[in-house]
Amino acid sequence: MSREFAPEYIQSLKAYSSAKSEKLTGSTWLNANESPYAKEYALNLDNLNRYPDPQPENVINAYARYSNLAGENILMTRGADEGIELLVRTFCQNGKDSIAQFLPTYGMYKVTAESANVALVDLSQALLIDAPQSELLDCVGNAKLVFVCNPNNPTGNVLPLSRIEEIVKAFEDKAIVVVDEAYIEFCEEFTAAGLIEKYQNLVVLRTLSKAFALAGLRTGFVLSNPELINTMRKVLAPYPVSSVVAAIAEQALTSCNISSVKRQVSIINNNRATLINQLSACKHVRKVLPSFANFVTIQLSDKAHIAAAMQSGLIMRPFTLYGEDNWLRISIGSEQELNVVFNWLVEING
Ligand SMILES: *Cc1c(COP(=O)(O)O)cnc(C)c1O
(Lines give C-alpha, C1' and ligand atoms only; values in the text may rest on other atoms or scores of the structure.)
Protein backbone atom coordinates (compact mmCIF):
# COMPACT_ATOMS: atom_id res chain seq x y z
CA MET A 1 0.00 0.00 0.00
CA SER A 2 1.61 3.22 -1.12
CA ARG A 3 0.33 5.24 1.86
CA GLU A 4 2.76 3.21 3.97
CA PHE A 5 5.58 5.33 2.59
CA ALA A 6 4.36 7.91 5.15
CA PRO A 7 5.28 7.59 8.82
CA GLU A 8 2.68 6.05 11.16
CA TYR A 9 1.72 9.43 12.67
CA ILE A 10 0.90 10.81 9.20
CA GLN A 11 -1.08 7.74 8.10
CA SER A 12 -3.30 8.03 11.16
CA LEU A 13 -4.24 11.69 10.48
CA LYS A 14 -7.69 12.64 9.29
CA ALA A 15 -7.77 15.27 6.51
CA TYR A 16 -8.53 18.66 8.08
CA SER A 17 -12.02 19.81 7.41
CA SER A 18 -11.99 23.60 7.30
CA ALA A 19 -14.97 25.87 6.81
CA LYS A 20 -14.21 25.90 3.08
CA SER A 21 -13.15 22.31 2.36
CA GLU A 22 -16.61 20.87 2.88
CA LYS A 23 -18.51 21.09 -0.39
CA LEU A 24 -21.59 22.84 0.89
CA THR A 25 -24.12 24.50 -1.33
CA GLY A 26 -25.41 27.79 -0.10
CA SER A 27 -26.22 31.38 -0.92
CA THR A 28 -25.29 33.14 2.34
CA TRP A 29 -21.84 32.30 3.70
CA LEU A 30 -21.39 33.09 7.38
CA ASN A 31 -19.21 30.11 8.35
CA ALA A 32 -15.60 31.27 7.99
CA ASN A 33 -15.48 34.68 9.74
CA GLU A 34 -14.70 36.43 6.46
CA SER A 35 -15.26 40.15 5.99
CA PRO A 36 -18.20 41.21 3.79
CA TYR A 37 -16.13 44.11 2.39
CA ALA A 38 -14.38 43.06 -0.84
CA LYS A 39 -12.09 45.69 -2.31
CA GLU A 40 -10.43 46.02 -5.71
CA TYR A 41 -6.66 46.00 -6.08
CA ALA A 42 -4.45 47.02 -9.00
CA LEU A 43 -1.47 44.92 -10.09
CA ASN A 44 1.69 45.52 -12.09
CA LEU A 45 2.84 42.12 -13.38
CA ASP A 46 6.05 43.18 -15.15
CA ASN A 47 8.65 41.48 -12.98
CA LEU A 48 7.32 37.98 -12.55
CA ASN A 49 10.48 36.52 -14.15
CA ARG A 50 12.34 37.52 -10.96
CA TYR A 51 12.23 35.88 -7.54
CA PRO A 52 10.42 38.05 -5.00
CA ASP A 53 11.89 39.80 -1.98
CA PRO A 54 11.91 37.04 0.71
CA GLN A 55 10.41 39.55 3.16
CA PRO A 56 8.98 42.45 1.09
CA GLU A 57 10.39 45.59 2.67
CA ASN A 58 7.46 47.88 1.93
CA VAL A 59 4.98 45.47 3.46
CA ILE A 60 7.17 44.82 6.51
CA ASN A 61 7.62 48.56 7.06
CA ALA A 62 3.92 49.25 6.63
CA TYR A 63 3.00 46.52 9.11
CA ALA A 64 5.66 47.80 11.52
CA ARG A 65 4.04 51.26 11.43
CA TYR A 66 0.58 49.78 11.86
CA SER A 67 1.60 47.62 14.85
CA ASN A 68 3.96 50.18 16.48
CA LEU A 69 6.93 47.84 16.18
CA ALA A 70 10.17 47.78 14.18
CA GLY A 71 10.72 45.85 10.94
CA GLU A 72 13.05 43.43 12.77
CA ASN A 73 10.07 42.34 14.90
CA ILE A 74 8.04 41.17 11.90
CA LEU A 75 7.91 38.10 9.69
CA MET A 76 5.43 37.88 6.81
CA THR A 77 3.89 34.44 6.22
CA ARG A 78 1.25 32.68 4.11
CA GLY A 79 -1.48 33.44 6.59
CA ALA A 80 -1.37 33.10 10.36
CA ASP A 81 -1.72 29.36 9.73
CA GLU A 82 1.79 29.26 8.30
CA GLY A 83 2.93 31.16 11.41
CA ILE A 84 1.50 28.36 13.59
CA GLU A 85 3.22 25.73 11.47
CA LEU A 86 6.50 27.62 11.53
CA LEU A 87 6.43 27.91 15.32
CA VAL A 88 5.84 24.18 15.78
CA ARG A 89 8.51 23.22 13.25
CA THR A 90 11.05 25.66 14.67
CA PHE A 91 10.66 25.07 18.39
CA CYS A 92 9.38 21.50 18.79
CA GLN A 93 11.29 18.31 18.27
CA ASN A 94 9.44 15.59 16.37
CA GLY A 95 8.35 12.74 18.65
CA LYS A 96 9.58 14.44 21.80
CA ASP A 97 8.12 17.89 22.50
CA SER A 98 4.61 19.11 23.20
CA ILE A 99 2.45 22.23 22.90
CA ALA A 100 -0.35 23.42 25.20
CA GLN A 101 -3.77 24.69 24.13
CA PHE A 102 -6.93 25.77 25.97
CA LEU A 103 -10.12 24.13 24.71
CA PRO A 104 -12.35 24.94 23.03
CA THR A 105 -10.09 26.85 20.67
CA TYR A 106 -8.88 27.19 17.08
CA GLY A 107 -8.45 23.77 15.41
CA MET A 108 -5.15 24.39 13.60
CA TYR A 109 -2.97 24.10 16.71
CA LYS A 110 -3.96 20.45 17.00
CA VAL A 111 -3.76 19.73 13.27
CA THR A 112 -0.29 21.29 13.04
CA ALA A 113 1.03 19.50 16.12
CA GLU A 114 -0.27 16.12 14.96
CA SER A 115 1.26 16.46 11.51
CA ALA A 116 4.62 17.29 13.13
CA ASN A 117 4.41 14.37 15.60
CA VAL A 118 4.28 16.85 18.48
CA ALA A 119 2.10 15.99 21.52
CA LEU A 120 -0.78 18.14 22.75
CA VAL A 121 -1.42 19.20 26.31
CA ASP A 122 -5.17 19.89 26.31
CA LEU A 123 -6.23 22.33 29.02
CA SER A 124 -9.43 24.32 29.55
CA GLN A 125 -10.33 27.94 28.81
CA ALA A 126 -11.45 28.13 32.46
CA LEU A 127 -7.88 27.42 33.55
CA LEU A 128 -6.54 30.03 31.16
CA ILE A 129 -9.00 32.67 32.34
CA ASP A 130 -8.37 32.57 36.06
CA ALA A 131 -6.23 29.74 37.42
CA PRO A 132 -3.41 30.83 39.74
CA GLN A 133 0.01 30.97 38.06
CA SER A 134 1.30 27.93 39.94
CA GLU A 135 -1.57 25.77 38.72
CA LEU A 136 -1.12 26.99 35.15
CA LEU A 137 2.61 26.16 35.31
CA ASP A 138 1.88 22.68 36.68
CA CYS A 139 -0.71 21.91 34.02
CA VAL A 140 1.37 23.16 31.08
CA GLY A 141 4.36 21.12 32.29
CA ASN A 142 7.15 20.90 29.73
CA ALA A 143 5.21 22.14 26.72
CA LYS A 144 7.44 24.29 24.51
CA LEU A 145 4.66 26.48 23.07
CA VAL A 146 1.58 27.74 24.89
CA PHE A 147 -1.12 28.80 22.39
CA VAL A 148 -3.45 31.53 23.64
CA CYS A 149 -6.07 32.57 21.10
CA ASN A 150 -7.18 36.11 21.99
CA PRO A 151 -10.01 36.83 21.26
CA ASN A 152 -10.68 33.11 21.30
CA ASN A 153 -12.19 31.32 18.31
CA PRO A 154 -14.90 29.94 18.56
CA THR A 155 -16.00 31.33 21.96
CA GLY A 156 -15.33 35.03 21.25
CA ASN A 157 -14.07 35.91 24.73
CA VAL A 158 -10.99 38.04 25.31
CA LEU A 159 -8.39 38.04 28.09
CA PRO A 160 -7.41 41.38 29.61
CA LEU A 161 -3.86 42.49 28.80
CA SER A 162 -2.94 42.20 32.50
CA ARG A 163 -3.79 38.48 32.42
CA ILE A 164 -1.80 37.95 29.21
CA GLU A 165 1.19 39.66 30.80
CA GLU A 166 0.85 37.53 33.93
CA ILE A 167 0.92 34.40 31.76
CA VAL A 168 3.88 35.51 29.63
CA LYS A 169 5.78 36.38 32.81
CA ALA A 170 4.93 33.04 34.45
CA PHE A 171 6.50 31.19 31.51
CA GLU A 172 9.62 33.36 31.11
CA ASP A 173 12.55 30.91 30.61
CA LYS A 174 10.08 27.99 30.40
CA ALA A 175 7.98 28.26 27.24
CA ILE A 176 7.07 30.55 24.38
CA VAL A 177 3.61 32.06 24.78
CA VAL A 178 1.95 32.46 21.36
CA VAL A 179 -0.91 34.95 21.40
CA ASP A 180 -3.03 34.38 18.29
CA GLU A 181 -4.56 37.78 17.52
CA ALA A 182 -6.41 36.88 14.31
CA TYR A 183 -9.40 38.96 15.53
CA ILE A 184 -7.61 41.70 17.46
CA GLU A 185 -8.74 44.50 15.10
CA PHE A 186 -12.25 44.07 16.52
CA CYS A 187 -10.95 44.98 20.02
CA GLU A 188 -7.55 46.51 19.36
CA GLU A 189 -7.05 47.83 22.90
CA PHE A 190 -6.42 44.21 24.00
CA THR A 191 -3.33 43.62 21.86
CA ALA A 192 -0.23 42.13 23.46
CA ALA A 193 2.07 43.53 20.75
CA GLY A 194 3.26 46.24 23.15
CA LEU A 195 4.72 43.57 25.46
CA ILE A 196 7.09 42.17 22.82
CA GLU A 197 9.86 44.58 23.77
CA LYS A 198 9.64 43.54 27.41
CA TYR A 199 9.55 39.72 27.17
CA GLN A 200 11.84 37.25 25.41
CA ASN A 201 9.19 34.51 25.21
CA LEU A 202 6.25 36.24 23.53
CA VAL A 203 5.05 35.74 19.96
CA VAL A 204 1.95 37.46 18.52
CA LEU A 205 0.23 36.13 15.38
CA ARG A 206 -1.72 38.42 13.05
CA THR A 207 -3.55 38.00 9.75
CA LEU A 208 -5.02 40.01 6.88
CA SER A 209 -7.76 37.37 6.52
CA LYS A 210 -10.35 38.74 8.93
CA ALA A 211 -10.77 42.51 9.52
CA PHE A 212 -8.57 43.34 6.49
CA ALA A 213 -10.92 41.36 4.25
CA LEU A 214 -8.13 39.44 2.46
CA ALA A 215 -8.70 35.78 3.33
CA GLY A 216 -8.03 34.86 -0.30
CA LEU A 217 -4.62 36.58 -0.28
CA ARG A 218 -3.10 34.26 2.37
CA THR A 219 -1.12 36.77 4.37
CA GLY A 220 -0.24 36.77 8.04
CA PHE A 221 2.48 38.16 10.29
CA VAL A 222 4.53 36.77 13.16
CA LEU A 223 5.48 39.50 15.65
CA SER A 224 8.26 38.88 18.17
CA ASN A 225 11.74 39.85 19.28
CA PRO A 226 14.50 39.71 16.61
CA GLU A 227 16.09 36.60 18.14
CA LEU A 228 12.95 34.46 17.83
CA ILE A 229 12.15 35.97 14.42
CA ASN A 230 15.61 35.09 13.09
CA THR A 231 15.38 31.56 14.46
CA MET A 232 12.06 31.07 12.62
CA ARG A 233 13.56 32.46 9.41
CA LYS A 234 15.94 29.49 9.37
CA VAL A 235 12.95 27.21 8.91
CA LEU A 236 10.81 29.43 6.66
CA ALA A 237 10.96 28.69 2.93
CA PRO A 238 13.38 31.01 1.05
CA TYR A 239 10.64 32.77 -0.98
CA PRO A 240 7.45 32.32 1.03
CA VAL A 241 5.62 35.40 -0.28
CA SER A 242 4.77 35.82 -3.96
CA SER A 243 5.41 39.27 -5.43
CA VAL A 244 1.72 39.43 -6.44
CA VAL A 245 0.70 38.88 -2.82
CA ALA A 246 3.23 41.45 -1.60
CA ALA A 247 1.91 44.10 -3.99
CA ILE A 248 -1.65 43.65 -2.73
CA ALA A 249 -0.63 43.48 0.94
CA GLU A 250 1.20 46.78 0.50
CA GLN A 251 -1.97 48.45 -0.81
CA ALA A 252 -3.99 46.98 2.05
CA LEU A 253 -1.63 48.57 4.58
CA THR A 254 -1.73 52.18 3.38
CA SER A 255 -2.95 54.58 6.07
CA CYS A 256 -5.98 55.31 3.90
CA ASN A 257 -6.99 51.65 3.71
CA ILE A 258 -6.27 51.11 7.43
CA SER A 259 -8.75 53.95 8.19
CA SER A 260 -11.32 52.29 6.01
CA VAL A 261 -10.76 48.94 7.78
CA LYS A 262 -11.32 50.73 11.11
CA ARG A 263 -14.64 52.12 9.87
CA GLN A 264 -15.67 48.64 8.71
CA VAL A 265 -14.71 47.20 12.10
CA SER A 266 -16.98 49.65 13.89
CA ILE A 267 -19.88 48.78 11.58
CA ILE A 268 -19.27 45.05 12.13
CA ASN A 269 -19.10 45.55 15.91
CA ASN A 270 -22.43 47.46 15.81
CA ASN A 271 -24.04 44.76 13.67
CA ARG A 272 -22.78 42.15 16.12
CA ALA A 273 -24.56 43.96 18.97
CA THR A 274 -27.79 44.02 16.93
CA LEU A 275 -27.50 40.32 16.12
CA ILE A 276 -26.85 39.48 19.78
CA ASN A 277 -30.07 41.30 20.73
CA GLN A 278 -32.05 39.37 18.15
CA LEU A 279 -30.52 36.06 19.20
CA SER A 280 -31.15 36.74 22.88
CA ALA A 281 -34.84 37.31 22.15
CA CYS A 282 -35.22 33.98 20.34
CA LYS A 283 -36.71 31.19 22.43
CA HIS A 284 -34.79 28.47 20.58
CA VAL A 285 -31.45 30.06 21.42
CA ARG A 286 -30.36 28.64 24.75
CA LYS A 287 -27.12 30.56 25.15
CA VAL A 288 -25.39 33.50 23.43
CA LEU A 289 -21.68 33.83 24.20
CA PRO A 290 -20.41 37.42 24.54
CA SER A 291 -18.04 38.20 21.66
CA PHE A 292 -15.18 40.59 20.94
CA ALA A 293 -14.69 39.34 17.36
CA ASN A 294 -16.58 39.27 14.04
CA PHE A 295 -18.71 36.28 15.00
CA VAL A 296 -21.20 35.19 17.63
CA THR A 297 -21.39 31.66 19.01
CA ILE A 298 -24.69 30.35 20.30
CA GLN A 299 -26.18 27.19 21.69
CA LEU A 300 -29.55 26.18 20.21
CA SER A 301 -32.29 24.20 21.89
CA ASP A 302 -32.13 21.68 19.06
CA LYS A 303 -29.52 21.12 16.35
CA ALA A 304 -32.30 20.44 13.81
CA HIS A 305 -32.56 24.24 13.52
CA ILE A 306 -29.03 24.25 12.08
CA ALA A 307 -29.98 21.72 9.41
CA ALA A 308 -32.98 23.85 8.48
CA ALA A 309 -30.73 26.89 7.92
CA MET A 310 -28.27 24.85 5.84
CA GLN A 311 -31.09 23.54 3.68
CA SER A 312 -32.30 27.06 2.97
CA GLY A 313 -28.78 28.05 1.80
CA LEU A 314 -27.73 29.87 4.97
CA ILE A 315 -24.33 28.39 5.85
CA MET A 316 -23.04 28.89 9.40
CA ARG A 317 -20.47 26.82 11.30
CA PRO A 318 -21.78 24.09 13.62
CA PHE A 319 -19.57 23.05 16.54
CA THR A 320 -19.52 20.46 19.28
CA LEU A 321 -18.55 22.34 22.44
CA TYR A 322 -18.41 21.02 25.99
CA GLY A 323 -19.67 17.67 24.69
CA GLU A 324 -22.83 19.12 23.08
CA ASP A 325 -23.38 19.25 19.34
CA ASN A 326 -25.96 22.06 19.18
CA TRP A 327 -23.54 25.01 19.04
CA LEU A 328 -23.35 27.35 16.08
CA ARG A 329 -20.90 30.08 15.14
CA ILE A 330 -22.35 32.90 13.04
CA SER A 331 -19.97 35.28 11.23
CA ILE A 332 -20.96 38.95 11.13
CA GLY A 333 -21.53 39.52 7.43
CA SER A 334 -23.20 42.42 5.64
CA GLU A 335 -26.53 43.81 6.86
CA GLN A 336 -28.22 41.95 4.02
CA GLU A 337 -26.63 38.67 5.11
CA LEU A 338 -27.62 39.28 8.72
CA ASN A 339 -31.20 39.79 7.58
CA VAL A 340 -31.08 36.25 6.23
CA VAL A 341 -30.09 35.12 9.75
CA PHE A 342 -32.89 37.22 11.21
CA ASN A 343 -35.43 35.65 8.86
CA TRP A 344 -34.22 32.19 9.87
CA LEU A 345 -34.73 33.13 13.55
CA VAL A 346 -38.25 34.36 12.81
CA GLU A 347 -38.95 31.10 11.00
CA ILE A 348 -37.76 28.79 13.78
CA ASN A 349 -39.66 30.89 16.31
CA GLY A 350 -42.73 29.83 14.35
C1 LIG B 1 -8.78 32.52 10.80
C2 LIG B 1 -7.81 32.22 11.88
C3 LIG B 1 -6.45 32.03 11.62
C4 LIG B 1 -5.93 31.82 10.22
O5 LIG B 1 -5.63 32.92 9.57
P6 LIG B 1 -4.99 32.85 8.11
O7 LIG B 1 -4.15 34.06 8.12
O8 LIG B 1 -6.13 32.93 7.15
O9 LIG B 1 -4.18 31.60 7.99
C10 LIG B 1 -5.57 31.89 12.67
N11 LIG B 1 -6.02 31.88 13.93
C12 LIG B 1 -7.33 32.02 14.22
C13 LIG B 1 -7.76 32.01 15.63
C14 LIG B 1 -8.26 32.17 13.20
O15 LIG B 1 -9.56 32.24 13.49
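Residues numbered from 1 in each chain as written. Predicted model: local features only at pLDDT ≥ 70, side-chain atom pairs only at ≥ 80, totals over all residues. Heavy atoms only, no water.

**Quick look at the UniProt feature "domain: Aminotransferase class I/classII large" (unreviewed entry) in the protein**
Here comes step 1: The sites that UniProt annotates as "domain: Aminotransferase class I/classII large" (unreviewed entry) are residues 40-341.
Here comes step 2: The annotated region residues 40-341 carries 38% helix and 21% strand content, and the separation between its end C-alpha atoms amounts to 27 Å. (UniProt positions renumbered as here; feature names shortened; annotations may be inferred. Helix = DSSP H or I, 4+ residues; strand = E, 2+ residues; numbered from the N terminus.)

**Structural notes on the site of the ligand**
Here comes step 1: Close contacts around the ligand come from 13 residues, with Ala80, Tyr183, Thr207, Ser209 and Lys210 the closest.
Here comes step 2: Ala80 places a main-chain nitrogen or oxygen 2.6 Å from an oxygen atom of the ligand.
Here comes step 3: Contact between the ligand and Thr207: an oxygen atom at 2.5 Å from a side-chain N or O atom of the residue.
Here comes step 4: Within the complex, the protein chains bury 94% of what would otherwise be the 390 Å² of accessible surface of the ligand.
Here comes step 5: The element contributing the most residues to the shell around the ligand is helix H3 (residues 79-91), with three residues.
Here comes step 6: Looking at the shell around the ligand residue by residue, the classes come out as five nonpolar, four polar and four charged. (Near = heavy atom within 4 Å. Polar contact = N/O pair within 3.5 Å; in protein donor to acceptor, adjacent residues only side chain to side chain. Areas by Shrake-Rupley, 256 points an atom, 1.4 Å probe, with all protein chains shown as cover. Nonpolar A, V, L, I, M, F, W, Y, C, P; charged D, E, K, R; others polar.)

**Quick notes on the packing of H3 against helix H8 (residues 226-233)**
Here comes step 1: For the pair H3 and H8, the least separation of the axes is 9 Å and the interaxial angle reads 90 degrees. The angle between the axes of H3 and H8 places the two elements in the roughly perpendicular class. Between H3 and H8, the residues in contact are Leu86, Leu87, Thr90 and Phe91 and Leu228, Thr231 and Met232, respectively.
Here comes step 2: Per-class residue counts for the contact of H3 with H8 are five nonpolar, two polar and no charged. (Axes fitted to C-alpha atoms, helices over the stretch in contact; angles between N-to-C directions. Parallel < 35°, antiparallel > 145°, perpendicular 65-115°, else oblique. Contact = heavy atoms within 4.5 Å.)

**What about the sheet that holds strand S9 (residues 285-288)?**
Here comes step 1: Spatially, the five strands line up as an open sheet ordered S1-S11-S12-S10-S9, and their pairing is mixed. The strands lining the two open edges of the sheet, one partner per strand, are strand S1 (28-30) and S9. In this sheet, adjacent strand axes meet at a mean angle of 35 degrees when their direction is disregarded.
Here comes step 2: In terms of strand pairing, strand S10 (residues 295-300) meets strand S12 (residues 324-331) through five bridges, oriented antiparallel. (Pairing = 2+ DSSP bridges.)

**Some words on the packing of aromatic side chains**
Here comes step 1: Enumeration according to the criterion identifies nine aromatic pairs in this entry.
Here comes step 2: Taking the centre distance of 5.6 Å and the plane angle of 70 degrees together, the rings of Phe190 and Phe292 count as edge-to-face. A residue pair is termed long-range when its members are at least 10 positions apart, and Phe190 in the loop between strand S6 (176-180) and strand S7 (202-207) and Phe292 in the loop between S9 and S10 qualify at 102 residues.
Here comes step 3: The class for Phe190 is buried, based on a relative accessible area of 17%. (Phe/Tyr/Trp six-rings, centres within 6.5 Å; stacked < 30°, edge-to-face > 60°. Buried < 20%, exposed > 50% of the residue type's maximum accessible area, 1.4 Å probe, protein only.)

**Remarks on the UniProt feature "modified residue: N6-(pyridoxal phosphate)lysine" (unreviewed entry) in the protein**
Here comes step 1: In the numbering used here, UniProt assigns the "modified residue: N6-(pyridoxal phosphate)lysine" (unreviewed entry) feature to Lys210.
Here comes step 2: Within the secondary structure, Lys210 is located in the loop between S7 and strand S8 (220-223).

**Here we look at the environment of Tyr239**
Here comes step 1: Here Tyr239 is to be found in the loop between H8 and helix H9 (243-252).
Here comes step 2: Through-space distance from the C-alpha of Tyr239 to that of Pro54 is 4.8 Å; in sequence the pair is 185 residues apart.
Here comes step 3: In contact with Tyr239, not counting residues within four places along its chain, are Tyr51, Pro52 and Pro54.

**Some words on helix H11 (residues 304-311)**
Here comes step 1: Three or more residues of H11 are buried, namely His305, Ile306 and Ala309. The buried residues of H11 occupy one face: seen down the axis, they fall within an arc of 105 degrees.
Here comes step 2: Taken together, the buried residues of H11 touch S10, strand S11 (314-321), S12 and helix H12 (335-349).
Here comes step 3: The first or second residue beyond H11 is Gly313, which carries a positive phi of 95 degrees. (Arc of directions from axis to C-beta.)

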